[in-house]
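Architecture and fold: a report
Residues per chain, in single letters:
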Amino acid sequence: MATSTTRPDVDTAAPNTGVAGRLLDSSAKLSYDPLTEVDWETPLDEDFHGASPEWSTLYGTPYWDELTEAQRKELTRQEAASVASTGIWFEMILQQLILRDIYAKDPGDDKVQWALTEIADECRHSIMFARGARKLRAPAYRPRRVAVELGRAFKTLAFGEAAYAAILVAEEVLDVMQRDWMRDERVVPFVRTINNIHVVEESRHMKFARDETRKNLAKAGPVRRHIHAFVIAVAAYVIVTSMVNQGVYANAGLDPKRALAAARSNEHHKAMMRSSCSGLMDFLASARLLTKPALAFYKRAHLI
């Protein structure tokens, strides 16, 4: 259930004004324990989708029109599980980026306290996503080997605005689709609860990522800005193209080759991705991170 305790060191008559302090206060007032909030006991009801059908990679294609309702529901359940698995992969990267950023800094500082709070959130989210995917009867979908190795390099080398803007990209894309899923009564109830928890808690993470991106960019020269703009765009491309594993189609009982070809040419899904990222692109533009080389990767990922 949502916690209602306040931070013991906070004077409620004089609330924090810094971003990290305000986020700590918000977290103390509204956070969730997925182990008790999510209905893990009720068996999976196959009459429900795993995600809003409109977000399926095949929605709007001739192949989708040929599928039975049961096949469509199974496909969206596998796709939701794949998105969750990708989320776990990136949350592990995110945690290491944040830990490196706060290493050896004052643990009593609000920024460090918030960073540790965010890491705790991400640990709970990863466990929640893993249990959710298992309840959807999906395997542990993993990104392609090249994506895993690029992630390994990124989590080791990225810093400053490159780290926090990439975190923001991953969280913003998930946020928009999950807001649709959590309100959609066609989606199985336990997945809607998972999405609601993630949306509420990730909204704080996104505020922090935006603030840290701006602060770090204030110290960045033009060369560093251009290099990091490119790194962020490549990270965004890898993250977005890893969300739906190609294995979902076979696991949903579909023809993998035909499904993959239909998904790759699906203009509806590309439009959904672009519309979901309009706010993110506005932020990156305002931060002067939409350089020509970066734009090429955002276009390849259908984010702009």
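This text gives an overview of the structure that appears in the document. (Residues numbered from 1 in each chain as written. Predicted model: local features only at pLDDT ≥ 70, side-chain atom pairs only at ≥ 80, totals over all residues. Heavy atoms only, no water.)

Below, the discussion takes up the side chain of serine 276. Positionally, serine 276 belongs in helix α12 (residues 267-276). Residue serine 276 is classed as buried on the basis of its relative accessible area, which comes to 7%. A distance of 2.8 Å separates the side chain of serine 276 from the backbone oxygen of methionine 273, its partner in a polar contact. Apart from residues no more than four positions distant in its own chain, serine 276 is found in contact with Trp55 and Val176. (Helix = DSSP H or I, 4+ residues; strand = E, 2+ residues; numbered from the N terminus. Buried < 20%, exposed > 50% of the residue type's maximum accessible area, 1.4 Å probe, protein only. Polar contact = N/O pair within 3.5 Å; in protein donor to acceptor, adjacent residues only side chain to side chain. Contact = heavy atoms within 4.5 Å.)

Moving on, we get to the packing of aromatic side chains. What the rule picks out here adds up to six aromatic pairs. Ring plane angle 85° and centroid distance 5.7 Å describe the contact between tyrosine 164 and phenylalanine 208, whose orientation is recorded as edge-to-face. Linking tyrosine 164 in helix α7 (residues 160-183) with phenylalanine 208 in helix α8 (residues 189-217), this pair joins segments that are 44 residues apart in sequence. The pair tyrosine 164 / phenylalanine 208 is uniform in exposure class, with both members buried. A network of ring pairs unites the aromatic residues Trp114, Tyr164 and Phe208 as a single cluster. A cation over an aromatic ring shows up here: arginine 131 above the ring of tryptophan 40, its NZ or CZ 4.6 Å from the ring centre. (Phe/Tyr/Trp six-rings, centres within 6.5 Å; stacked < 30°, edge-to-face > 60°. Lys NZ or Arg CZ within 6 Å of the ring centre and 35° of its normal.)

Turning our attention to unusual backbone geometry. Located in the positive-phi region is arginine 137, a residue other than glycine, with phi close to 60°. As for its position among the elements, arginine 137 is in the loop between α5 (110-135) and α6 (145-157). A positive phi angle, close to 60°, is found at arginine 288, a residue other than glycine. Within the element layout of this structure, arginine 288 appears in the loop between α13 (278-286) and α14 (292-300).

Looking now at the environment of alanine 218. Summarising the element assignment, alanine 218 is placed in the loop between α8 and α9 (222-241). Sequence spacing of alanine 218 and alanine 287 is 69 residues, and the spatial spacing of their C-alpha atoms is 9.6 Å.

Read these as layout, nothing more, since geometry by itself doesn't imply function.
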